[in-house]
2 protein chains.
Amino acid sequence: MSREPRTAPRTAIATVCLSGALEDKLPAAAAAGFDGVEIFEPDLVASPMPPGEVRLRCADLGLSIDLYQPFRDLDSVDPERFAATLRRAEHKFGVMEALGTDTVLVCSSVAPDAVADVDLLAEQLHALAERAAARGLRIAYEALAWGRHVNTYDRSWAAVCRADHPALGLCLDSFHILSRGSDPAAIADIPGEKLFFLQLADAPHLSMDVLQWSRHHRLFPGQGAFDLPAFLEPVLRAGYAGPLSLEVFNDVFRQADPARAAVDAHRSLLALAEATAARGEGSDLITDPVAEPAPELRGHAFVELSADESLAPVLAALGFARTGLHRTKPVERWEQGGARILVNRSGGPAAVAALAVESADPLAAARRAARLSAPRLPRERGPAEADLAAVTAPDGTAVFFCRTGAETDWTGDFVPTEETAEKDGTGIGVTGIDHVGLAQPFDHFDEAALFYRTVLGLEPAATGEFAAPFGLVRSRAVADARRRVRLALTVSLLRRGEWAPGVSEPQYVALAVDDVLAAARAARAAGAPLLAIPDNYYADLDARLALSRERLAAYRDLGVLHEETAEGAYLQVCTEVLGGRVFLTLVQRVGDHDGYGWTDAPVRMAAHRRRRLARERVRA
Amino acid sequence: MSREPRTAPRTAIATVCLSGALEDKLPAAAAAGFDGVEIFEPDLVASPMPPGEVRLRCADLGLSIDLYQPFRDLDSVDPERFAATLRRAEHKFGVMEALGTDTVLVCSSVAPDAVADVDLLAEQLHALAERAAARGLRIAYEALAWGRHVNTYDRSWAAVCRADHPALGLCLDSFHILSRGSDPAAIADIPGEKLFFLQLADAPHLSMDVLQWSRHHRLFPGQGAFDLPAFLEPVLRAGYAGPLSLEVFNDVFRQADPARAAVDAHRSLLALAEATAARGEGSDLITDPVAEPAPELRGHAFVELSADESLAPVLAALGFARTGLHRTKPVERWEQGGARILVNRSGGPAAVAALAVESADPLAAARRAARLSAPRLPRERGPAEADLAAVTAPDGTAVFFCRTGAETDWTGDFVPTEETAEKDGTGIGVTGIDHVGLAQPFDHFDEAALFYRTVLGLEPAATGEFAAPFGLVRSRAVADARRRVRLALTVSLLRRGEWAPGVSEPQYVALAVDDVLAAARAARAAGAPLLAIPDNYYADLDARLALSRERLAAYRDLGVLHEETAEGAYLQVCTEVLGGRVFLTLVQRVGDHDGYGWTDAPVRMAAHRRRRLARERVRA
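Everything quoted here is computed from the prediction, not taken from an experiment.

Definitions and limits used
- Residues numbered from 1 in each chain as written.
- Chains lettered and ligands numbered in written order.
- Predicted model: local features only at pLDDT ≥ 70, side-chain atom pairs only at ≥ 80, totals over all residues.
- Domains from an automatic or database assignment.
- Contact = placed C-beta atoms within 7 Å.
- Nonpolar A, V, L, I, M, F, W, Y, C, P; charged D, E, K, R; others polar.
- Helix = DSSP H or I, 4+ residues; strand = E, 2+ residues; numbered from the N terminus.
- Pairing = 2+ DSSP bridges.
- Axes fitted to C-alpha atoms, helices over the stretch in contact; angles between N-to-C directions.
- Least-squares fit on C-alpha atoms with pLDDT ≥ 70 in both.

What follows deals with the domain arrangement of chain A. Residues and elements named next belong to chain A. The assigned domain composition of chain A is domain 1 (11–284) and domain 2 (297–619). The centre of domain 1, based on its C-alpha atoms, is set 43 Å off from the matching centre of domain 2. The interface of domain 1 with domain 2 comprises 17 residues on the first partner and 10 residues on the second. Classifying every residue of the side of domain 1 that touches domain 2 by side-chain character gives 9 nonpolar, 5 polar and 3 charged.

Moving on, we come to the interface of chain B and chain A. Taken together, the contact between chain B and chain A spans 54 residues of the former and 54 residues of the latter. Put simply, the parts of the chain that give the side of chain B that touches chain A at least two residues each are α2 (41–45), α4 (79–99), β20 (471–479), α15 (535–545) and α17 (601–619) of chain B. If one sorts the elements of the side of chain B that touches chain A by residue count, α15(B) sits on top with 8 residues. Split into classes, the residues belonging to the side of chain B that touches chain A amount to 28 nonpolar, 10 polar and 16 charged.

Before going further, it helps to examine the pairing of strand β23 (residues 561–565) of chain A. Residue and element names in this part refer to chain A. Relative to strand β24 (residues 568–574), β23 runs antiparallel, the two sharing 5 bridges. Bridged to threonine 565 within β24 is glycine 568. The turn joining β23 and β24, which pair antiparallel and follow one another in sequence, is formed by 2 residues.

Residue and element names in this part refer to chain A. Spatially, β1-β2-β3-β4-β5-β6-β7-β8 is the arrangement adopted by the 8 strands of the closed barrel, whose pairing is parallel. Averaged over neighbouring strand pairs, the angle between their axes works out to 30 degrees when direction is ignored. Relative to strand β7 (residues 195–200), strand β6 (residues 168–173) runs parallel, the two sharing 4 bridges. If you follow leucine 172 over to β7, its bridge partner there is leucine 198.

On to the relation of the copies chain B and chain A. Under the fitted operation, chain B is carried onto chain A by 0.0 Å of movement along the axis and a turn of 180 degrees, and the coordinates agree to an RMSD of 0.0 Å. This pairing of chains is accounted for by a two-fold axis. Among all residues of chain B, the minimum C-alpha distance to the rotation axis is found for Met208(B), at 1.9 Å. Here 100% of the interface residues in chain B have copies in chain A that are interface residues too; the copies meet face to matching face.

Residues and elements named next belong to chain A. If you trace the 8 strands from one edge of the open sheet to the other, you get β14-β15-β13-β9-β12-β11-β10-β16, paired in mixed fashion. Only two strands of the sheet have a single partner each, and these edge strands are β14 (389–392) and β16 (414–416). Averaged over all pairs of adjacent strands, the angle between their axes in this sheet comes to 30 degrees, without regard to strand direction. In the sheet, strand β10 (residues 321–326) pairs with β16 via 3 bridges, with the strands oriented antiparallel.

This is the structure:
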């Protein structure tokens with residue numbers, strides 16, 4: 001088990017992870033930075049490129065072909081069938097020679113005729129390995145979690161040991177091992193040279209048939225619930241020297257832009273290597289390819305909203321003061337307490353254009369983002385403007401790394417006005433930005449969770465689900481450990497169709513207040529368009545929580561939504577949707593409530609929808 | 001257990017089955033023909049209509065409110081919590097009085113504090129029933145399949161017996177009972193007057209957590225795999241006199257047009273009542289509301305394709321003769337063997353415009369279709385034209401019921417030409433229409449299976465799945481028992497998005513031949529644009545099946561796709577996509593193969609996609 005000190009690990013991806021045909025997948029993998037690919041047999045069979053041409057195409061793209069897969073149902077108690085399988089294998093060996101790859105994946109059999117007797121199984125594996133060796137090839141044998149007899153890595157390893165052939169080794173797949181709850185620690189005891197291949201996949205915890213779980217719900221590492229660093233460490237400790245290769249079957253990725261999915265996939269491997277290196281004893285096993293950890297986040301610096309002229313009076317009614325005007329652009333700075341909102345009147349419907357986070361080291365954060373393939377935001381900058389490091393999030397929102405008060409302070413781009421929220425007493429008690437709510441595009445929800453996790457260092461919470469008027473909605477929050485930066489991500493469970501044409505859920509900025517009743521009263525008095533909540537909601541709240549009559553009356557009056565858990569309460573008052581697809585909400589957290597008001601989201605969404613329909617009726 | 005002879009059963013639907021808000025759901029349910037609704041609490045809570053207004057709205061629409069639901073987690077080992085629950089109940093009783101409904105659903109508790117002791121549980125149920133009775137209301141207690149202690153109907157029945165209160169009875173839900181594999185037969189022994197409510201849902205067989213199965217995958221009766229007639233029969237035998245009510249949680253229905261979904265739902269209940277009445281001993285329990293069984297189908301009468309001028313030479317090359325011209329419309333009749341294709345040049349891209357089936361009794365078939373709310377096709381008809389009974393299928397395809405050769409023969413609408421396929425020897429051996437392949441719109445796949453099952457009397461096969469270039473595809477065939485009418489339905493597992501913009505899968509007409517090699521050779525010689533299949537496919541076929549060198553060469557030459565199962569083989573040669581979204585395929589069935597070539601569909605789809613992209617490149 002001698003190991004050389006490593007540089008960055010080689011990365012590979014199975015073509016089955018990506019949508020389209022080989023002609024789409026190979027360039028996508030190469031452009032994302034992968035070193036190699038596993039060629040999935042159905043992709044090759046459907047391709048007009050003969051194997052030799054695939055080899056050339058990959059070579060042109062700088063991709064190695066690390067594996068040909070899968071070869072199913074090798075072993076058989078029926079000698080005739082096994083003979084036919086060997087014949088099939090010889091054909092596939094020819095394909096592999098033409099592809100220029102030396103390793104074929106052989107999955108444990110799921111067929112009724114699968115061999116239970118380990119001696120016969122070893123004999124058949126040995127026969128196949130002998131034929132492979134004669135052509136300079138090798139067999140990577142993998143235990144499927146639903147294999148008929150071989151369904152754990154110790155069984156596949158026992159069969160490989162018994163077969164005892166130099167051209168026969170193991171393929172380990174994190175899904176098959178972790179989905180069954182097997183402990184990966186003992187992998188460290190397998191000789192590294194017998195670990196021929198490593199396939200990596202994450203997944204959410206689901207209580208369902210493991211085959212269906214595997215076929216539909218795998219995720220890239222860091223997007224699910226498996227502890228992949230704890231899996232990778234014993235594999236590396238054993239001396240595995242091959243690529244980190246992704247094999248992810250996922251319904252959404254299968255139909256999403258392969259170029260985008262490949263970048264997401266490659267990012268997941270960089271982050272996995274980083275996380276593995278960061279595990280105390282893992283640091284001698286693998287070099288951290290990202291090199292710089294995510295600098296500490298200290299809060300939301302600002303949120304930039306694109307808006308027309310209708311937003312300013314709402315911000316004013318919510319107690320914000322226009323404290324600055326951009327030197328060169330039609331951008332205003334509004335402030336109250338620790339909350340800063342930039343209003344960009346360059347055009348376009350009201351929406352969240354940019355998030356800015358306070359970073360302990362904005363330049364290091366930008367370098368890290370670049371290393372993780374976050375697309376750098378193309379910006380036009382005037383001569384006197386701060387050079388803010390910025391990238392584009394998966395939903396198109398710009399993300400700025402700031403250090404307000406430092407030399408390259410963004411606030412210098414603004415000419416101060418006479419107004420300040422504090423001095424003229426117009427504030428309503430907003431203390432800062434609690435979080436930003438971003439409805440995600442359908443294809444990029446899991447990508448977004450990984451993006452924020454890796455690029456910003458935020459931790460994703462578990463995925464939730466609620467029933468909205470137009471169908472189920474999936475929710476997932478990402479936040480730093482100290483809860484100074486929070487984002488609430490949502491996506492519809494199914495892509496919207498004809499019944500909700502053109503309706504995308506609004507984004508929002510949640511403003512932190514200490515007393516939502518006082519804040520909402522002041523805002524309403526100043527003319528803020530608060531969202532009306534139906535009486536039925538308060539009748540139900542009364543039935544459930546037995547609040548005081550006064551409190552309930554105030555809630556009803558102001559449209560307060562009240563979510564209560566054992567940890568505390570989440571009180572919010574929303575504005576109507578302002579112009580395009582954005583609204584503001586005042587949020588008071590009581591106790592240790594760590595949520596985002598999703599229990600009440602269906603009521604809020606129904607109320608917003610009613611207002612929209614009413615406006616459309618007025619216009620028509 | 002005395003029973004009155006019945007008329008048609010009353011029907012109801014839970015508002016949770018439908019998308020939108022109450023304002024959308026109630027009119028949809030009424031328009032579809034439901035007699036009543038179950039008001040799902042979150043729908044009411046999110047509604048601006050106070051309960052009294054909901055009552056009036058329902059009355060205006062002719063809907064009764066049959067149930068208020070759900071009331072969760074009633075019982076508790078914590079006396080304080082139980083007291084709070086009774087308080088909550090009194091509030092909900094007030095809501096029910098305002099709604100004008102007398103029955104509330106109480107689900108068995110799933111909470112950690114749920115009562116295990118049946119005496120205490122009975123005591124708490126009794127206390128609730130006592131309060132309900134005081135207000136003229138009643139409690140329908142239901143065992144959730146994942147209830148903490150009460151999770152089968154015999155346990156809920158035991159608790160109801162023990163509580164022994166006239167205002168307390170059972171609610172039975174087919175999903176909760178059949179998902180656990182419970183035998184419903186013993187329901188017949190429960191006194192009918194204690195069966196307060198009945199909820200019906202179907203589901204596919206899935207091996208997953210029953211809660212998730214229930215929340216996402218329920219279907220309307222007849223769309224899934226449960227034997228609902230065998231469930232309904234003992235319920236009726238017990239003397240249940242309430243409505244047949246649907247409670248279906250389904251991801252797709254939740255986001256589909258509620259008006260369409262309600263029609264689908266109502267149709268499912270009519271068909272369920274019919275199927276239950278048709279069970280030997282069931283006929284005294286329930287009147288068949290449909291009254292006329294589906295007349296026997298005897299084959300495909302014709303398929304009508306909308307097309308431009310490019311289709312005619314392809315049909316000619318495939319051996320069809322233009323045997324007739326429509327008297328008044330730009331429609332041609334093409335024939336070969338038993339296959340008839342109408343070509344409608346009225347405009348629009350090439351597509352399947354209509355299916356026509358040979359019916360033993362077209363008028364009875366049309367009456368049945370109308371009874372099952374199939375939308376009648378609006379048609380313009382010339383004075384001398386046959387009055388063909390026609391309806392519109394869920395995907396918009398027209399469906400005609402014909403009896404070719406009878407008095408109202410559709411063939412009389414056509415002026416014969418000189419051409420006949422047989423006489424001039426141009427045929428290539430097409431004997432008839434094997435089936436029609438119809439890619440379904442995303443929201444209407446399950447609706448389509450039920451439509452064809454009920455309206456045409458075709459039997460749906462199990463749902464399958466395959467991986468296509470743009471994502472997973474679900475497949476389901478519907479066919480008559482004698483396989484004279486077959487339809488192959490497919491739908492993408494997720495609605496297509498940005499990565500496959502505007503790409504809808506093509507439809508096709510499969511033409512039956514006895515010798516696909518001879519037919520394809522003749523077609524190609526005549527200039528038919530046969531779809532080229534990659535060499536890699538044949539290399540794999542050779543590896544798998546060891547076909548003779550000659551056969552393989554012929555396959556490769558002609559682009560034959562060969563699917564083999566234990567039952568036989570399915571050989572097909574496809575044309576390119578013709579103009580719009582339709583292609584033709586020559587199909588030879590060998591042995592007892594009963595499939596549709598779905599194993600090879602990914603290869604075919606990739607080849608069609610390549611041709612499309614190549615054409616687009618030429619155009620650009």
